[in-house]
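These are the residues of each chain, in order.
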Amino acid sequence: MAEKDVSLTRGSVKRGMLLFAVPIFFSNLFQQLYNAVDSLIVGNFLGGEALAAVGSSGSLIFLLTGFVNGVSLGAGVLVARHYGSGNAEALRRVVHTTVALGLTAGAVLSAAGVLLTPQILRWMGTPPEVLGDSIVYFRVYFIGSLSVVMYNVEASILQSVGDSRSPMIYLIVASLLNVVLDLWFIAGLHMGVGGAALATILSQTVSALLAFRRLTCTEAAYGVRWRQVRFHPATLRAVIAQGVPSGLQNSVVSLANVIVQANINAFGAQAMAGCGAYSKLEGFAFLPVTCFSMALATYVSQNVGAGRPDRVRSSMRFGLAASCLLAEGIGVGMFALAPQLIGLFNSEPGVIAFGVQQARTVALFYCLLAFSHCCAGILRGLGRPVVPMAIMLSIWCAVRIAYITVTVQLIPLIAVIFWAYPLTWGISSLLFAGYLRHCAIPVPGGGAPVQRV
């Protein structure tokens with residue numbers, strides 16, 4: 001193989017994971033910052049109803065993009081596996097098949113998002129005073145969703161070969177650009193919530209183009225050559241087998257969250273705004289969760305490919321401990337500072353009250369969220385994506401919806417909805433812990449698994 005940017009199969013496990021995970025942390029930090037800035041600027045310049053329109057966007061956007069992003073994660077596991085084993089030809093096929101899949105899926109997603117947005121928003125019970133702004137925001141966002149999809153595909157490839165630094169730089173550039181464009185479009189040109197969506201899409205387009213430049217300019221085996229971008233049938237089947245479970249997991253869990261959002265919508269625009277503000281803050285708790293989950297999937301997959309089960313076990317122990325401790329630390333801080341943090345987005349007492357109530361219900365349970373996501377990342381790296389899909393679909397989707405459907409009828413309080421999250425995080429954590437205790441590490445080439453994890 002001509003080039004290796006970073007090897008995750010040599011050196012200290014803790015040092016290697018941190019050097020890989022820290023850039024992902026800062027990438028997601030800046031992404032979360034510019035998502036929060038969107039809501040801060042909208043809430044302060046356009047008011048509570050506009051904040052409700054933008055703040056409730058997360059669950060619907062993830063419903064439509066989650067499948068593609070999940071497939072990208074699955075493809076990234078294959079990229080890491082072939083990169084770790086040194087199989088250059090297989091690596092090229094996976095990369096070019098994944099790029100072709102991303103381009104196709106991004107185009108389909110744009111069309112579906114623009115067409116289906118009004119129907120989905122009405123099905124979610126979006127209040128009439130918010131519906132118009134919500135339709136504008138989502139349609140502008142989905143017109144440019146190809147850039148969002150392709151950035152995720154490109155970043156997944158780069159991170160899977162150990163280059164987490166380049167996506168970090170591209171997201172920092174996009175984040176700073178998004179802040180400037182938000183202020184210009186909303187405060188300067190008075191474009192409303194459509195301006196917020198346009199700023200996000202333009203910023204994502206810049207990050208996608210920068211990542212594509214990185215992939216097309218490298219001479220390494222994972223470099224992209226436009227003439228080779230096509231579907232390789234056998235590779236496509238492997239990408240689907242590895243990625244579709246993660247994609248289905250993302251989509252169905254996000255469908256459950258859309259149903260949760262619909263229940264929140266029934267409590268009015270202030271509840272939507274307050275919970276939307278909280279969701280932007282919750283993104284910061286996801287930072288250690290996301291960076292260690294992605295690091296674990298890549299680290300485990302590369303070391304499985306390299307035949308290093310000792311490093312697989314060491315990375316699992318360190319990643320789980322670090323992610324849970326960091327997530328819980330953020331949760332404690334959010335619990336203590338919830339009124340001040342929610343108040344940054346909007347000063348209306350009702351909005352603050354709803355946001356604080358949700359924060360103080362779930363924040364102290366972020367360690368369970370971290371544990372579940374990191375276990376899912378480990379299992380994807382081990383080549384077992386169906387297990388996290390089954391656990392999360394049964395618990396985070398079926399149990400969560402059943403719980404809310406029953407309890408809201410008996411106890412019509414919004415706190416009942418908030419408790420759905422820590423309850424289902426706890427159940428899934430127990431199931432993941434039980435499975436991992438008896439899970440074996442696969443051997444490259446399909447040999448008998450080595451000793452238990």
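Data block above holds the structure.
Quantities reported herein were computed from a predicted structural model and do not represent experimental measurements.

> Just checking my understanding: could you explain the overall build of the chain for this structure?
Regarding its fold elements, the chain presents 16 helices and zero strands. In the chain, the share of contacts with a sequence separation of at least 24, taken over all contacts with a separation of at least 6, comes to 82%. Summing over all exposed atoms, the chain offers an accessible surface of approximately 17,000 Å²; the carbon and sulfur share of this is 68%.

> I would appreciate a short explanation of the layout of surface pockets in the present structure.
If a probe the size of a water molecule is rolled over the atoms, the empty space left behind becomes visible. Considered as a void within the structure, the second largest pocket measures approximately 150 Å³ in volume. Lining the second largest pocket are 13 residues; nearest its centre among them are F67, V68, V71, L101 and A105. Secondary structure elements with two or more residues in the lining of the second largest pocket: α3 (57-85), α4 (88-123) and α9 (233-265). The leading source of residues in the lining of the second largest pocket is α3, at five residues. The residue inventory of the lining of the second largest pocket, partitioned by class, reads ten nonpolar, three polar and no charged.

> Where do I start with the nonpolar core in this structure?
As a rule of thumb, soluble globular proteins bury nonpolar side chains together. The biggest cluster of nonpolar side chains holds 64 residues, and the ones touching the most others in it are I264, F292, Y366, L382 and I414. It is helix α10 (residues 269-305) that provides the largest number of residues to this core, a total of 14 residues. In terms of nonpolar packing, the next biggest core, distinct from the first, is built from 48 residues, A75, V79, L171 and L215 among them.

> How should the environment of A238 be read in this particular structure?
Summarising the element assignment, A238 is placed in helix α9. With 163 residues separating them in the primary sequence, A238 and A75 have C-alpha atoms 8.4 Å apart.

> I keep staring at the environment of F371 and nothing clicks. Help me out?
Structurally, F371 can be placed in helix α13 (residues 366-381). Sequence separation of F371 and W425 is 54 residues, and the distance between their C-alpha atoms is 8.7 Å. Not counting residues up to four positions away in its chain, the partners in contact with F371 are L320, C324, S429, F432 and A433.

> It is not clear to me how helix α7 (residues 165-188) should be interpreted in this structure. Could you clarify?
The α-helix winds at 3.6 residues per turn, so residues separated by three or four positions along the chain end up facing the same way. Over its 24 residues, α7 extends 34 Å from the first C-alpha to the last, a length consistent with the 34 Å expected when each residue adds 1.5 Å. Along α7, the positions that sit buried rather than exposed are S166, P167, M168, Y170, L171, A174, S175, N178, L181, D182, F185 and I186.

> It is not clear to me how helix α6 (residues 145-160) should be interpreted in this structure. Could you clarify?
The terminal C-alpha atoms of α6, which comprises 16 residues, lie 23 Å apart, in line with the 22 Å expected from a rise of 1.5 Å per residue. Judged by how many residues are buried, α6 sits mostly within the fold: 14 of 16 residues are covered. Phi turns positive one or two residues past the end of α6, at G162, with a value near 95°.

> What should I look at first to understand the packing of aromatic side chains in this one?
By convention here, two paired aromatic rings are described through the distance between centres and the angle between planes. All told, the structure shown has eight aromatic pairs when counted by the stated rule. Seen from their ring centres, Y141 and F142 are 5.5 Å apart, and the 80° between their planes marks the pair as edge-to-face. One aromatic cluster is present, formed by Y366, Y421 and W425 through successive ring pairs. Sitting above the plane of the F335 ring, R360 keeps its charged end 5.4 Å from the centroid.

How each quantity is defined
Residues numbered from 1 in each chain as written. Predicted model: local features only at pLDDT ≥ 70, side-chain atom pairs only at ≥ 80, totals over all residues. Heavy atoms only, no water. Helix = DSSP H or I, 4+ residues; strand = E, 2+ residues; numbered from the N terminus. Contact = heavy atoms within 4.5 Å. Areas by Shrake-Rupley, 256 points an atom, 1.4 Å probe, with all protein chains shown as cover. 1 Å grid on protein atoms, 1.4 Å probe; cavity = no way out; pocket = protein on both sides within 12 Å on 5 of 7 lines; lining within 4 Å. Points joined across faces, edges and corners; volume = space filled by probe spheres on them. Nonpolar A, V, L, I, M, F, W, Y, C, P; charged D, E, K, R; others polar. Core = buried A, V, L, I, M, F, W, Y, C linked by side-chain atoms within 4.5 Å. Buried < 20%, exposed > 50% of the residue type's maximum accessible area, 1.4 Å probe, protein only. Expected span 1.5 Å × (residues − 1). Phe/Tyr/Trp six-rings, centres within 6.5 Å; stacked < 30°, edge-to-face > 60°. Lys NZ or Arg CZ within 6 Å of the ring centre and 35° of its normal.

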